Structure formats: C-alpha cells, structure tokens
Amino acid sequence: MADIAVPPVAEFRSASRIASIGVSKILMIGARAAARKREGRPVIVLGAGEPDFDTPENIKEAAKAAIDRGETKYTALDGSPELKKAVAEKFRRENGVDYAVDEITVATGAKQILFNAFMASLDAGDEVIIPTPYWTSYSDIIEVCGGVPVLIPCDAASGFRLTADRLEKAITPKTKWVLLNSPSNPSGAAYGEADYRPLLDVLLRHPHVWLMVDDMYEHIVYDDFDFVTPVALEPALKSRTLTINGVSKAYAMTGWRIGYAGGPKALIKAMAVIQSQATSCPSSVSQAAAVEALNGPQDFLAERQASFRRRRDLVVSALNKIDGIECRVPEGAFYTFASCKGMIGRTAPDGKRIESDTDFTDYLLETVDVAVVPGSAFGLSTYFRISYATSEAELTEALSRIAAASAALA
Ligand code: PMP
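Values in this document were obtained by computation on a predicted structure and should not be read as measured data. (Residues numbered from 1 in each chain as written. Predicted model: local features only at pLDDT ≥ 70, side-chain atom pairs only at ≥ 80, totals over all residues.)

**Looking at the overall build of the chain**
Thinking step 1. A tally of regular secondary structure across the chain gives 13 helices and 12 strands.
Thinking step 2. Over its C-alpha trace the chain gives a radius of gyration of 22 Å, about what one expects of a compact globule, namely 22 Å for 410 residues.
Thinking step 3. Burial status across the chain gives 47% buried among its 410 residues.
Thinking step 4. If you take every contact in the chain between residues at least 6 apart in sequence, the share linking residues at least 24 apart comes to 72%. (Helix = DSSP H or I, 4+ residues; strand = E, 2+ residues; numbered from the N terminus. Rg over C-alpha atoms; globule rule 2.2 N^0.38 Å. Buried ≥ 20, exposed ≤ 12 C-beta atoms within 10 Å, placed from the backbone. Contact = placed C-beta atoms within 7 Å.)

Take a look at the structure:
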C-alpha cells in the first residue's frame, strides 16, 4: 500500500473576536473552591449569583401542565403571545409603563437579551458607557459584538452611582448606549428617582444616545426603597430605551433561562433577527412557567425580601466590625461590595504581603476556606463582593472566619 502523507492536525486557534475575553474570574474562583471541597476542606462559597430558594411550587406545576398539554414545540420566535401579554401586564402593573406586545421580546435569559441588543445595534467602534463596578458580562458581550466599553469608576464615596457631570463628560459622538443596572450586581446600589433624574436630563440633551437599563434585581430592595425604572420617570426617553428584566432572581428561576425586555419596535425586531439565528425561541416549557411566575401570586416575594434583608444586615454589621474593612449598606440585590483597602500593606502569618484585593480574597480562600470575589473582577479595586444568597448559619460562620483571618494580618 502506498504511503499517503497525512497532514498534521492543526491546533485549534480561536477567533480574534474572543481574544480579549478571558474566563470569568468568578468562575475561576468557583472552580478553585470546588477543588478544595473535593479535597475534603470545609469551603464556604459566597460567590454565587443566584438565590438559594427553590422555584415556587405553582410555577413548577405550570411547567408540568405545559408538558402534559404538549407544549413541547417551537414557539413564536421571541416569545409566546401568552408570555408577551404577561410581560406587558407586568410592566403596566408594577412599573406604570405601557409597552405594546410588539414592543416586547423574550429570550433565553436576560443575558441573551443583552447579547441580542448589542449584536443588533453595535457597529465596530461604537461606545457603551458603563458605570463601574459592573457585572462583567456587560463588557465581554459588548466586545464580542465589536463595541467599546467605556468604563466610569464610581466608588463607595459616590454610592457606587454614576453622576450627571461624569456621564456628560463620557458622551462622545460614538456613544451608542449608556447601560445602567439598578439594583446593581455587584454593589447592591440602586438609583432612586432623585439619582436618575439628573442622568435622564443629560440624556435628553444627547438624542443620539440610547439607554439600556437592567432591572433584574427589581424585586430585591430593602428599607422602603422605592424602585423605579427610567421610562416611567421620563416617557420622552421611551423611544430610545431598552428596559431589561427577567424571572431568574425574583422567582428563583436561574435554570429556566427566561429574560425579557421592552423597547422600541425597530430595535425589538432587529433583536429577533439575531435570536432567530442563535437559539430560535426560548424553551416552550420555561415560557409557560414564566407566564405563571408573572401572573400568579406574588406574596412570597415580600417573605423572601425580608429574609434577604436579615442576611444583608447580618453581613454588613459583621463586616463593619472588622478593622480594615468598610461596607456601605446596599439598597438591593443580594450582594455586599465592601472596601478592603485597609488590608493593603498588611502581612500574612506566612510572611506574604497583601498587595491587592485579589491577594486578600486569595488569602481568605487559602487560610479560612471562604470564597469571595475581588472587586477587580468587576472593574473596581480595592473591594470584594459577598453574595449573601445563602443561609444565615453559613453566613455567620463565614463572617467569623473572615474576621479571624483579618485579625491575623499584621
Ligand atoms: N443582569 C444582572 C445584573 C445579573 O446579575 C444577571 C445574572 N447574574 C443577569 C442580568 C442575567 O440573568 P439571566 O440571564 O439569568 O436572566
């Protein structure tokens, strides 16, 4: 048999569009924590961005009923008529905003809403203004779509909120979007009417700039904080605002993968074009569950909110007792974003100096098996994020370990 020269198999080389995007630091920390757990260490992970509660029974039942009715096929491209109607009613009932059914889109999680929106609207070099700290997927999705994230640091002194003068200075002719997230992942900071008003006035003066708001944590707010969405405050911005929300956090439905948004018809249509070539429609069964989430009883939200509030108070007060840590009281979500600036320059018992927030969070994982995420993962040092979506017992234990490890730094 003649020798056939078989060329060597070429190594995989990824596309340049993902060159600047690394594996999420949050996932990396999760992987390290899981590896330590497998070694039998008593690791407490305060990194997860999802409620520890279960999806309510009535929602699960609605999904089972949908399966039994045979609703197991493709649905309309960007949401079944029933779900779009439920979303429109939700916006009217809870936010005082009127979106017609053709101004609503449904996707496989709010993450796909963001992806569809940026994919459908950004040309190479278009800028998106993002107050920092921010949920890291924002900048990664923007970069995949060819856009340029313009990050504006907003530290604890500014309540982790963007101000009008800083927004004004950041706007250029290339600005396509301003992206605001209230309550925020990772800071828990939220924008009330008085915080939003000056920002909306700036946007009114710059008609080429569109507003994207991520209201994902709307239902997790504390101390009578009055949640408001920008379009309700300034109807004149409705024709260039995308209002994003979803069922993941409020209804403990992260695995069902349903997010939705309201926005101008032309944008919604362009987003559907992207979705049609990515995932077609969201899961039919999950859509039936989301209809029940939005239309069904809402009283459990207050109970869960009260439980999150107790956990927030526990974490904030324990953190503020630690020398070197300062924690602002967050208005919402289930995160604290505390400063660990006071730890920088201190030395661990093994002689290693803490030079950054990452050094501090590494030190916590390696010495007391508590996994938290450094602020640098969200674009702002020197902080660290705790997700308190876990039991009070586990939080108490974790905080006492953090206190002991901090006290051991000299
Ligand atoms: N926005 C924010 C601020 C989030 O924290 C998350 C989830 N971590 C999402 C959107 C995406 O949620 P989902 O895709 O589960 O709807």
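**Comments concerning the UniProt feature "domain: Aminotransferase class I/classII large" (unreviewed entry) in the chain**
Thinking step 1. Annotation from UniProt places "domain: Aminotransferase class I/classII large" (unreviewed entry) at residues 42-402.
Thinking step 2. The span residues 42-402 shows a helical share of 38% and a strand share of 15%, and its end C-alpha atoms are spaced 14 Å apart. (UniProt positions renumbered as here; feature names shortened; annotations may be inferred.)

**Regarding helix H4 (residues 110-121)**
Thinking step 1. Taking 1.5 Å per residue, 12 residues should reach 16 Å; H4 reaches 16 Å between its end C-alpha atoms and fits that length.
Thinking step 2. Within H4 the residues assigned to the buried category are Ala110, Gln112, Ile113, Leu114, Phe115, Asn116, Ala117, Phe118, Met119 and Ser121. (Expected span 1.5 Å × (residues − 1).)

**A few points about the domain arrangement of the chain**
Thinking step 1. For the chain, the assigned domains read domain 1 (22-51 + 300-407) and domain 2 (72-295).
Thinking step 2. Each of domain 1 and domain 2 has a C-alpha centre, and these two points are 27 Å apart.
Thinking step 3. Each partner contributes to the interface: domain 1 provides 25 residues, whereas domain 2 provides 27 residues.
Thinking step 4. Taken together, the elements giving at least two residues each to the side of domain 1 that touches domain 2 come down to helix H11 (300-320) and strand E9 (335-339).
Thinking step 5. In terms of residue count, H11 provides more of the side of domain 1 that touches domain 2 than any other element does, five residues in total.
Thinking step 6. Across the side of domain 1 that touches domain 2, the residue classes break down as 11 nonpolar, eight polar and six charged. (Domains from an automatic or database assignment. Nonpolar A, V, L, I, M, F, W, Y, C, P; charged D, E, K, R; others polar.)

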